[in-house]
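Each chain, written out:
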Amino acid sequence: MKPSTNKKTNSKDKKVFQLIFWIPYALIILLSGLFLLANDNSVIGWAIFVIIAIIVVSLKRFILLMKPIFKILCWIFLIVLLGFNSLFTNPFPLNRPLYSMEGRIATDAVKTQNGLVSGFYNKDKTVREFTGIPYAAPPVGELRWKSPQPAKSWDGVRQLDHFSDAAMQSKSLPVFSKFLGLILGTDELLRNSSIKYNEKVSEDCLYLNVWSGAKSSSERLPVIVYIHGGSFVYGSGSMDVYNGENMAKKGVVFVNLNYRLGIFGFMANPELTKESEYNSSGNYGILDQIAALKWIKNNISEFGGDPDNVTIAGESAGAGSVNILMASPLAKGLFHRAIGESGAFFSAESKESGGNPEQKLSEAEKAGVKFQKSLEKTSIADMREMSAEDLVKASKNQTIVPNIDGYVLPDTVYNIFEDGKQNDVPIIVGSNSDEGSLLNLPWPANATVSADEFKSIVEKRYGSLADDLLKFYPADSKSKAIESQVKISTDQLFTWQMNTWAKLQSKTGKSKAYYYYFDKVQPGPSRFMELGAYHSAEIAYAYNNLDKIKLPYTDVDENLSDIMSSYWVNFATTGNPNGKNLPIWSEYDEKNSQAMRLGDKIEMIKTPNKAALELFDIHEENLRSK
């Protein structure tokens, strides 16, 4: 009987011996495969993955005979090897095509100041689409950190069948979007908040895109110029949510544009100030936008647009750009109406106290010098020799915003508006009911703090106003404190800014202001819907692009999108959003203090959270008086 028992024991030992290989192997291969899948890796990445997996299996006997410590090192090496494969076999960067070009018909050539261009018709041939038109020279080499220069002319017809490179920016791996998608039940939030991972980026980014439903150059349709957001460090006109086809179908010529971002668009430095012809530096991204507006003034009539009826529009940093353009004397006469969604520069809060204001030129220059020293570069010439990729990596933690340079901005935006020196045009401005909800995401924000810490921050930041503010934003428990942080960031960073814009325009300007409050919760999984009307949620509705987003929209959503985009088109046409079969939108008046509610209900309401906004008025006045 003993030999039989020994056989069973030996068989069991062999199985255990085999499992020592197969269990860690299977776990590593499974997790690596899932990462490749979530990260949208290329065919090459998958091929390398399969080859490595086969090689490791062929070495099974050799691995099993290793000492335990060497087995562990072997598995660690395999993890590192597969990790490198996952990180470095992403799809090859490409320029995004407008759509599948199959069956598309090219347009007739259109004359621009630099040469002829030809775009393509959309599928039903109602809109001509032109992507990647240069409006300035590539800001590379010696032109890095200089004001935009005229684009070079070309011979023949330039065929426009894809978007240009996006501006230099860092990109998140697709796996992070998938991770957030698992938490929210949908990846639509991040998918529509950034460029695609395999989209090309470069400094050669000064291009714009045009969508026109005009049949000829004589039509003179109103023009909407959209400036993308992204905290002045992310974004591109190529993103689906900024597509202009559906707005063009409603009767406007729609334009969006790329501009320099981050360290390339907004770094100031005393050496740059000295070499400039206007004795300042930074704000290159805003100068790019002004150059694009000049190009539009000179060329848009050839696309059927009216150069004397241009509306600038934007969201977040794009709205902040619109805000600055209204304040800048350099943009005078280049636009005739303005739309700002959830972004402005009226606050006097410092970065240290939680704000993100314009800096004075001297402050921006100091930050630029500090950054230069961190690179161990002795001159701007040395910095111009650095690769764009190295500069993006090195500047990842830099906070870079427009500065009060005496050229683009002669004073703070608040002072310019308060003195009535803004470019006085009709405006639509507003914000969303849950702008701050993204702070409560596990990634990328995760910015909420404990109840005690929140109370301490409020007391330090607002001083004598703290007790009154804590009545509106209580912190009696952890859950209340989290809710209050979302609300106070919504109200101060966004609602107060946009309400102040409407108030100052109605007070010191002659042109009308229309104020809105967007509170529509998009349909989707429950965790996603908990975000409410989050920052940027209104964009797809306002520009009639719900068809670009994969959410289960209902007739209510479609109706709101139709009404909002009609308001925007009417406003671009006449300076008044009202029109046939639309709910009446009254102009903003500080005494009546009303907003157009845009959500499940579309109606005029009293300005939301007005009592809290008045406390922020006092707080900001105190800051300005220091």
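Along each chain, residues carry numbers from 1 onward, in the same order as the chain's sequence is written. Only residues with pLDDT of 70 or above have their local features reported here, since the model is predicted, and side-chain atom pairs are shown and tallied only from 80 upward, although totals for entire chains, interfaces and linings are computed over all residues. Side-chain measures were taken over the full set of non-hydrogen atoms in the model, leaving aside hydrogen atoms and water.

Enquirer: Explain the overall build of the protein residue by residue, including any values.
Expert: Here a strand is any run of E in DSSP of at least two residues, a helix any run of H or I of at least four, and the numbering for each starts at the N terminus. What the protein contains, in helices and strands, is 22 helices and 16 strands. In this treatment the radius of gyration is a C-alpha quantity, and the globule benchmark scales as 2.2 Å times the residue count to the 0.38 power. Relative to a compact globule of 626 residues, whose C-alpha radius of gyration would be 25 Å, the protein shows 28 Å and is just as compact. Expressed along its principal axes, the backbone C-alpha trace of the protein runs to roughly 105 × 70 × 60 Å. Counting over 626 residues, the protein shows a buried share of 54%. Partitioning the contacts of the protein with sequence separation of at least 6, the portion at a separation of at least 24 is 76%. Each residue is placed in one exposure class: buried if its accessible area under a 1.4 Å probe, protein chains only, is under 20% of its type's maximum, exposed if it is over 50%, and partly exposed if it falls in between. Contacts between residues were defined by any pair of non-hydrogen atoms, one from each residue, lying within 4.5 Å.

Enquirer: Give me the lowdown on empty space enclosed by the protein, citing residues and values where you can.
Expert: A pocket here means an open set of points on a 1 Å grid, computed over the protein atoms alone, that has protein on both sides within 12 Å along at least five of seven lines. A cavity is instead a set of points where a 1.4 Å probe fits but cannot get out; residues with an atom within 4 Å of a point line either one. Grid points are joined across faces, edges and corners, and a volume is the space filled by probe spheres set on the points. Scanning all chains against the criterion turns up 4 cavities of 30 Å³ or more. Every residue lining the largest cavity is counted, 14 residues in all, and those nearest its centre are N192, Q522, Y534, S536 and I549. Contributing elements (two or more residues each) for the lining of the largest cavity: α6 (188–191) and α20 (539–542). In terms of residue class, the lining of the largest cavity is made up of 9 nonpolar, 4 polar and 1 charged. Roughly 100 Å³ of internal volume is contained in the second largest cavity. Of all the secondary structure elements, the ones that give two or more residues to the lining of the second largest cavity are α8 (262–266) and α12 (361–374). Under the convention adopted here, Pro, Cys and the residues Ala, Val, Leu, Ile, Met, Phe, Trp and Tyr are nonpolar, Asp, Glu, Lys and Arg are charged, and Gly plus all remaining residues are polar. Tallied by class, the residues present in the lining of the second largest cavity amount to 8 nonpolar, 4 polar and no charged.

Enquirer: Break down the domain arrangement of the protein for me, with residues and values.
Expert: An automatic or database domain assignment provides the domain bounds reported here. Domain annotation of the protein identifies domain 1 (23–34 + 45–88), domain 2 (110–179 + 199–360 + 404–425) and domain 3 (428–625). Each of domain 2 and domain 3 was reduced to a C-alpha centroid, and the two centroids are 24 Å apart. In this assembly, 47 residues from domain 2 lie in contact with 50 residues from domain 3. Across the interface of domain 2 and domain 3, roughly 4,000 Å² is buried in total on both sides, 56% from carbon and sulfur atoms. On the domain 2 side of the contact with domain 3, N246, K250 and S342 bury the most area, a combined 15% of that side's loss. Whenever Lys or Arg places a side-chain nitrogen within 4 Å of a carboxyl oxygen from Asp or Glu, that contact is recorded as a salt bridge. On inspection of domain 2 and its partner domain 3, the count reaches 2 salt bridges. K250 serves as the salt-bridge partner of D562, at 2.8 Å between the closest nitrogen and oxygen. For the purposes of these results, a polar contact is taken to be a pair of N or O atoms within 3.5 Å, where, inside protein, one atom must be able to donate a hydrogen and its partner to accept one; residues adjacent in sequence count only when each atom of the pair is a side-chain atom. Applying the counting criterion to the domain 2 and domain 3 interface returns 36 residue pairs in polar contact (both at pLDDT 80 or more). For the side of domain 2 that touches domain 3, the elements supplying multiple residues, two or more each, are α5 (174–184), β7 (221–227), α7 (245–249), β9 (305–315), α11 (317–327), β10 (337–341) and α15 (413–418). Buried area is a sum: the accessible area each of two parts loses on coming together, probed at 1.4 Å, counted once for each and added.

Enquirer: If you had to explain the pattern of salt bridges to someone new, which residues and values would you point to?
Expert: Under the counting rule described, the total for this entry stands at 22 salt bridges. Of the charged contacts in the structure, one is a salt bridge between R191 and E188, with a shortest N-O distance of 2.8 Å. Taken together, the positions of R191 and E188, both in helix α6 and 3 residues apart, correspond to about one turn of that helix. Take R191: its relative accessible area is 25%, and that puts it in the partly exposed class. Classification of E188 by relative accessible area gives buried; the value is 5%. Taking the shortest distance from any N to any O, the salt bridge between D476 and K480 comes out at 3.8 Å. With a relative accessible area of 60%, D476 lands in the exposed category. The exposure class assigned to K480 is partly exposed, which follows from its relative accessible area of 39%. Overlapping salt bridges, with partners in common, bring together D124, E245 and K249 in one network.

Enquirer: Please give an account of the sheet that holds strand β5 (residues 157–159) that cites residues and values.
Expert: Read from one edge of the open sheet, 3 strands run β1-β2-β5, paired in mixed fashion. Single-partner strands in this sheet number two, and they are β1 (110–112) and β5. Each strand axis lies, on average, 35 degrees off the axis of its neighbour in the sheet, ignoring direction. Note on pairing: DSSP must find at least two bridges between two strands before they are called paired. The axes are straight lines fitted to the C-alpha atoms, using for helices just the contacting stretch, and the angles between their N-to-C directions are given from 0 to 180°.

Enquirer: Go over unusual backbone geometry with me, naming the residues and quoting the values.
Expert: The backbone phi angle of R220 is positive, close to 60 degrees, even though this residue is not glycine. Tracing the backbone shows R220 in the loop between β6 (207–212) and β7. According to the relative accessible area criterion, R220 is partly exposed, its value standing at 40%. Its identity is not glycine, yet S536 carries a phi of approximately 90 degrees, on the positive side. For S536, the position within the fold is in the loop between α19 (526–529) and α20.

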